[in-house]
Amino acid sequence: MIVLSKKGGGIVRKKIVLPGVALIAVCYAFGRFSYGLFMPEISEALQLSESASGAINSATYIAYCLALLSAPLIINRKGHHYVIQLAGISAILGLIGIGLSHDAWLLAVSVFLAGLSTGWASPALGNAVSAELAPDLHARGNSWINTGTSFGITVSGPLYLLFTDYWRLSYILFAMIGITVLLWNRHAIPATKTLPCTKSIWSCMRPTRPGSALLMACLLTGASSAIYWTFARNFLTDDKGASDSEAVLFWIVMGVTGILGGCAGRIIERIELSWSYRMGNETVPTECLHRDKSCLSCTRRGAISRIIYGGIHH
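The structure contained in this document is the topic of the report that follows.

Reading guide: rules and limits
- Residues numbered from 1 in each chain as written.
- Predicted model: local features only at pLDDT ≥ 70, side-chain atom pairs only at ≥ 80, totals over all residues.
- Heavy atoms only, no water.
- Helix = DSSP H or I, 4+ residues; strand = E, 2+ residues; numbered from the N terminus.
- Contact = heavy atoms within 4.5 Å.
- Areas by Shrake-Rupley, 256 points an atom, 1.4 Å probe, with all protein chains shown as cover.
- Core = buried A, V, L, I, M, F, W, Y, C linked by side-chain atoms within 4.5 Å.
- Buried < 20%, exposed > 50% of the residue type's maximum accessible area, 1.4 Å probe, protein only.
- Axes fitted to C-alpha atoms, helices over the stretch in contact; angles between N-to-C directions.
- Nonpolar A, V, L, I, M, F, W, Y, C, P; charged D, E, K, R; others polar.
- Phe/Tyr/Trp six-rings, centres within 6.5 Å; stacked < 30°, edge-to-face > 60°.
- Lys NZ or Arg CZ within 6 Å of the ring centre and 35° of its normal.
- Parallel < 35°, antiparallel > 145°, perpendicular 65-115°, else oblique.
- Left-handed = near helix turned anticlockwise from the far one by under 90°.
- Patch = residues over 30% accessible without salt bridge, like charges linked within 9 Å, V, L, I, M, F, W, Y side chains within 5 Å.
- Salt bridge = Lys/Arg side-chain N within 4 Å of Asp/Glu carboxyl O.
- Expected span 1.5 Å × (residues − 1).
- Bend = angle between axes of the 7 residues up to and from the residue.

1. Description of the overall build of the protein
Item 1. Helix and strand counts for the protein stand at 14 helices and two strands.
Item 2. By sequence separation, contacts in the protein at least 24 residues apart represent 80% of the contacts at least 6 residues apart.
Item 3. Element-wise, carbon and sulfur atoms account for 66% of the exposed surface of the protein, whose accessible area totals about 15500 Å².

Encoded structure:
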């Protein structure tokens, strides 16, 4: 059980953080990133080229950006509780659509729907943390919620090994988990509505000067990681000769090490957010070197790559 802190004689935990972790797992790990894990099987079943598969996966990033832009407006009007439910429904519909896809167009629409959930879930859960948890718990609460991606990746790996030839069944199972998580969030997270922004839409959304720099940093980080999420498994199996089980094991390792991201809140409190961000991103070149060094075996390169990437990305 995740315990954040004690305050006023009670333990502040579970009600916001645990359902939030589960929702992030469904939206990010199942709805967005599992496509990279199952892409070889999906591509073979639907007769998709590698370029078509990559193009379809880009729909998740487009959807994510669009949802992020709309999330503040919807939260401002309807509240974070409404947007959390919207994210869950979008993820479930996307997962069901992927499982039932019979051509590239339905797959692309479904991947887009699943991608929308990620852009809605994160801001809504962040708003819930701000509204429901004490200020000194915000960093740790958000850090633990974001580890939901890693928990979901850790779960999706074994499911892939169990249902390698039945990827459609895996996605239907993901959707069933998503329904349970949606009901959990609906019941657990209070429908508290924060004070709305009474200014114009642009004034509410306009980034500050530091915010603009952060947006550019996020753009570059996201662009660099997109290729990894989509093609890392193909790279290991097709170019480096790793077996499917080894490639999936690396996927699981990335998820397990990413759970350490729950400690990020403590790190942020100790060395501040800006230094934490720099420390994480300056580790990325090290991860890239481990993938390319010829002195290491493919297995060792892949393992080190996944450990470093999982630990800093989540």
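Next comes the rest of the account.
2. Observations regarding the nonpolar core
Item 1. Tyr 35, Phe 38, Ile 42, Leu 107, Trp 120 and Tyr 171 are the most contacted members of the largest nonpolar core, which totals 57 residues.
Item 2. Among the secondary structure elements, those contributing two or more residues to this core are helix H1 (17-46), helix H2 (50-78), helix H3 (80-100), helix H4 (104-132), helix H6 (148-162), helix H7 (167-188) and helix H10 (244-258).
Item 3. The dominant element in this core, judged by the number of residues it contributes, is H1, at 17 residues.
Item 4. When near neighbours in sequence (up to four residues on either side) are disregarded, Leu 107 contacts Tyr 35, Ile 42, Leu 46, Leu 48, Ile 56, Ile 98 and Ser 101.

3. Things to note about the packing of H1 against helix H5 (residues 138-146)
Item 1. Where H1 contacts H5, the two axes come as close as 7 Å, and the packing angle between them is 35 degrees. Seen from H1, the contacting residues are Val 17, Gly 20, Val 21 and Ile 24; seen from H5, they are Gly 141, Trp 144, Ile 145 and Asn 146.
Item 2. A class-by-class count of the residues in the contact of H1 with H5 yields five nonpolar, three polar and no charged.

4. Things to note about the environment of Ser 245
Item 1. Here Ser 245 is to be found in helix H10.
Item 2. Between the alpha carbons of Ser 245 and Tyr 160 there is a distance of 9.4 Å; along the sequence they are 85 residues apart.

5. A few points about the packing of aromatic side chains
Item 1. The full count for this structure, using the stated rule, is seven aromatic pairs.
Item 2. With a centroid separation of 5.2 Å and 70 degrees between ring planes, the pair formed by Phe 38 and Tyr 160 is classed as edge-to-face. Taken as a pair, Phe 38 in helix H1 and Tyr 160 in helix H6 lie far apart in primary sequence, 122 residues in all.
Item 3. On the basis of relative accessible area, Phe 38 is assigned to the buried category, the value being 0%.
Item 4. These aromatic residues form a ring-pair network of at least three members: Phe 30, Phe 38, Tyr 160, Tyr 171 and Phe 174.
Item 5. The ring of Tyr 64 carries the charged tip of Arg 32 above its face, separated from the ring centre by 4.4 Å.
Item 6. Sitting over the ring of Tyr 82, Lys 78 keeps its end group 5.6 Å from the ring centre.

6. Things to note about the packing of H1 against H6
Item 1. Contact pair H1 / H6: the axes reach a minimum separation of 7 Å and the direction vectors enclose 40 degrees. One finds that H1 runs oblique with respect to H6. Along this stretch, H1 crosses H6, giving a crossing that reads as right-handed. Taken together, the residues of H6 that come into contact with H1 (itself represented by Val 21, Ile 24, Ala 25, Tyr 28, Ala 29, Phe 30, Phe 33, Leu 37, Phe 38 and Glu 41) are Gly 148, Thr 149, Phe 151, Gly 152, Ile 153, Val 155, Ser 156, Gly 157 and Tyr 160.
Item 2. In terms of residue class, the contact of H1 with H6 is built from 13 nonpolar, five polar and one charged.

7. Some details on unusual backbone geometry
Item 1. A positive phi is found at Gln 47, a non-glycine position, where the angle reads about 55 degrees.
Item 2. With respect to the element layout, Gln 47 can be found in the loop between H1 and H2.
Item 3. Residue Gln 47 is classed as exposed on the basis of its relative accessible area of 74%.

8. With respect to a nonpolar patch on the surface
Item 1. A surface patch of nonpolar side chains, amounting to about 290 Å² of accessible area, comprises Ile 62, Leu 66 and Leu 69.
Item 2. With respect to the secondary-structure elements, Leu 66 resides in helix H2.
Item 3. Judged by its relative accessible area of 44%, Leu 66 falls in the partly exposed class.

9. A short note on H1
Item 1. The end-to-end C-alpha separation of H1 is 38 Å, well short of the 44 Å expected for 30 residues at 1.5 Å each.
Item 2. A bend of about 70 degrees at Phe 38 is the largest found in H1, and the proline Pro 40 appears one to four places after it.
Item 3. Counting buried positions over the 30 residues of H1 gives 26, a clear majority of the element.
Item 4. With its phi angle positive at about 55 degrees, Gln 47 sits one or two positions after the end of H1.

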